[in-house]
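# Breakdown of the fold
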Amino acid sequence: MAIDPRVDIGHVHLKVADIERALAFWHGVLGFDVMHRYGDQAVFLSAGGYHHHVALNTWESKGGSPPPPGTTGLYHVAIRYPDRRNLAQAVKQVLDAGIRLDGASDHGVSEAIYLRDPDANGVELYCDRPREQWPADMITAPLDLSALLAEAG
């Protein structure tokens, strides 16, 4: 049985050690709007007024540390930007905040930047190319970060 093509991912909940530190990244750097807060236990963030796309909580992780390498868990959460200019502006904000990038790849179908939030959760910032430009097979090639950043305006 195939999944209905109208299905989408509504939100992601991330366990974090410190709400304020996580909020400084997700709201302060990436620009998500704060929709709801539960004191210092949880915050719900959105792009465009949805109830939440990203939730940060300390329910099982307050003061905790990231999982060690070699364990299972979330590889990354991917945030899709509507176009290359918006992606470039987001990457510029990340770099201006002093956040180190883990990588930048051209996948043929999309351009992607990889980094980590303060709790070491993987974050992908990306934009899709128009479908008519997609190659037959996905690739992983280096992304020209300078060319991307030149579009930040």
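The present account deals with the structure reproduced in this document. Bear in mind the structure is a predicted one, so any value in this text is a computation, not a measurement.

### Some words on the environment of R131
One can find R131 in the loop between β8 (122-128) and β9 (141-142). Overall, the relative accessible area of 63% leaves R131 in the exposed class. As for R131 and S110, which are separated by 21 residues in sequence, their C-alpha atoms are 9.7 Å apart.

### A look at the pairing of strand β2 (residues 33-38)
Sheet analysis places β2 next to strand β3 (residues 42-46), joined by 5 bridges and oriented antiparallel. Across the sheet, Y38 pairs through a bridge with A42, a residue of β3. The antiparallel pairing of β2 with β3 creates a hairpin that spans 3 residues between the two strands, and G39 there sits at a positive phi of about 55°.

### Focus: the pattern of salt bridges
For the structure on display, the rule yields 13 salt bridges. A salt bridge links R21 to D119, with the shortest nitrogen-to-oxygen separation between them at 2.6 Å. Note that R21 is positioned in helix α1 (residues 19-29) and D119 in the loop between β7 (110-116) and β8, a separation of 98 residues in sequence. A salt bridge links D102 to R100; the shortest N-O distance between them is 3.4 Å. Residues joined in a network through salt bridges with shared partners are R84, D106, E111, R129 and E151.

### Comments concerning the sheet that holds strand β1 (residues 12-15)
Read from one edge to the other, the open sheet built from 4 strands follows the order β1-β4-β3-β2, with strand pairing classed as mixed. Pairing within the sheet leaves two strands with one partner each, and these edge strands are β1 and β2. Averaged over all adjacent pairs, the angle separating strand axes in this sheet is 20°, with direction ignored. Sheet topology places β3 next to strand β4 (residues 54-57); 4 bridges connect them, and they run antiparallel.

Conventions we followed
- Residues numbered from 1 in each chain as written.
- Predicted model: local features only at pLDDT ≥ 70, side-chain atom pairs only at ≥ 80, totals over all residues.
- Heavy atoms only, no water.
- Helix = DSSP H or I, 4+ residues; strand = E, 2+ residues; numbered from the N terminus.
- Buried < 20%, exposed > 50% of the residue type's maximum accessible area, 1.4 Å probe, protein only.
- Pairing = 2+ DSSP bridges.
- Salt bridge = Lys/Arg side-chain N within 4 Å of Asp/Glu carboxyl O.
- Axes fitted to C-alpha atoms, helices over the stretch in contact; angles between N-to-C directions.

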